[in-house]
Amino acid sequence: NLTSLVTISFLKNPSINGSGPLCSYWNPTLDDGYGDWSSDGCQIDESYNDTQDYVTCFCNHLTSFSILLDVSPTIEPTEETPLALALNAVTYIGIIISIFCLLITIISYLSSKKLRTSENGQLLINLCLALIGLYITFIFAIHSTPVIGLCAFVAASLQYFFLVSFMIMA
């Protein structure tokens, strides 16, 4: 290690919108000999702010240096556009109408002994029930993406109802 710090300045690329610069170097001894980035012995200039065109690093050794930036997109709340609102309305209205018609089909088949006891009638009733389950699960799927466990359960339920529907139709 050097007794005085080495000053290195890096010009930021204006086309890359990165934040949180980190002064680092490639250390080939890390990660079981495969190498990895390390910031040991290096520090960023404390007066740095994101509006500057360059990043200054101070290091106590000489090697290949680099600036690592976090370029992951920032998650911003999405605005509901009129098109998105219209598509949501069409989705909900279509699902409500479909569930209503499926319920009418189930009620009409269950009210007639001849229809409900036939093999085709039983298949149709089961298909209607599977489609109702699919539609209701789809509504939950739309709103369950932020919760990982619930999202996984709803995805498995969707898969189940799709498979049931396809097997009944086969």
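Residues numbered from 1 in each chain as written. Predicted model: local features only at pLDDT ≥ 70, side-chain atom pairs only at ≥ 80, totals over all residues. Heavy atoms only, no water.

## Description of the state of the cysteines
Taken as a whole and assessed by the stated rule, the structure comprises two disulfides. Here Cys-23 engages in a disulfide with Cys-57; their sulfurs sit 1.8 Å apart. Judged by the sign of its S-S torsion, about -85°, the bond between Cys-23 and Cys-57 is left-handed. In this pair, Cys-23 is assigned in strand S2 (residues 19–27) and Cys-57 in strand S5 (residues 54–59), connecting sequence segments 34 residues apart. What makes Cys-23 buried here is its relative accessible area of 3%. Judged by relative accessible area, Cys-57 falls into the buried class, the value being 2%. A sulfur-sulfur separation of 2.2 Å characterises the disulfide bridge that pairs Cys-42 with Cys-59. Taking the torsion about the S-S bond as the criterion, the Cys-42 to Cys-59 disulfide, at about 115°, is right-handed. Residue Cys-42 is found in strand S4 (residues 42–44), and its partner Cys-59 is found in strand S5; the two are separated by 17 residues along the sequence. Each member of the pair, Cys-42 as well as Cys-59, is classed as buried. Ordinal numbering of bonded cysteines along the chain defines a disulfide pattern of 1-3, 2-4. (Disulfide = S-S within 2.5 Å. Helix = DSSP H or I, 4+ residues; strand = E, 2+ residues; numbered from the N terminus. Buried < 20%, exposed > 50% of the residue type's maximum accessible area, 1.4 Å probe, protein only.)

## Some remarks on the packing of helix H1 (residues 82–111) against helix H3 (residues 119–143)
Remark: H1 packs on H3, axes separated minimally by 10 Å, with the N-to-C direction vectors making an angle of 155°. Taken together, the axis directions place H1 and H3 in an arrangement best described as roughly antiparallel. When the axes of H1 and H3 are compared, the crossing they make is left-handed. Residue classes in the contact of H1 with H3 are distributed as 19 nonpolar, five polar and no charged. (Axes fitted to C-alpha atoms, helices over the stretch in contact; angles between N-to-C directions. Parallel < 35°, antiparallel > 145°, perpendicular 65-115°, else oblique. Left-handed = near helix turned anticlockwise from the far one by under 90°. Nonpolar A, V, L, I, M, F, W, Y, C, P; charged D, E, K, R; others polar.)

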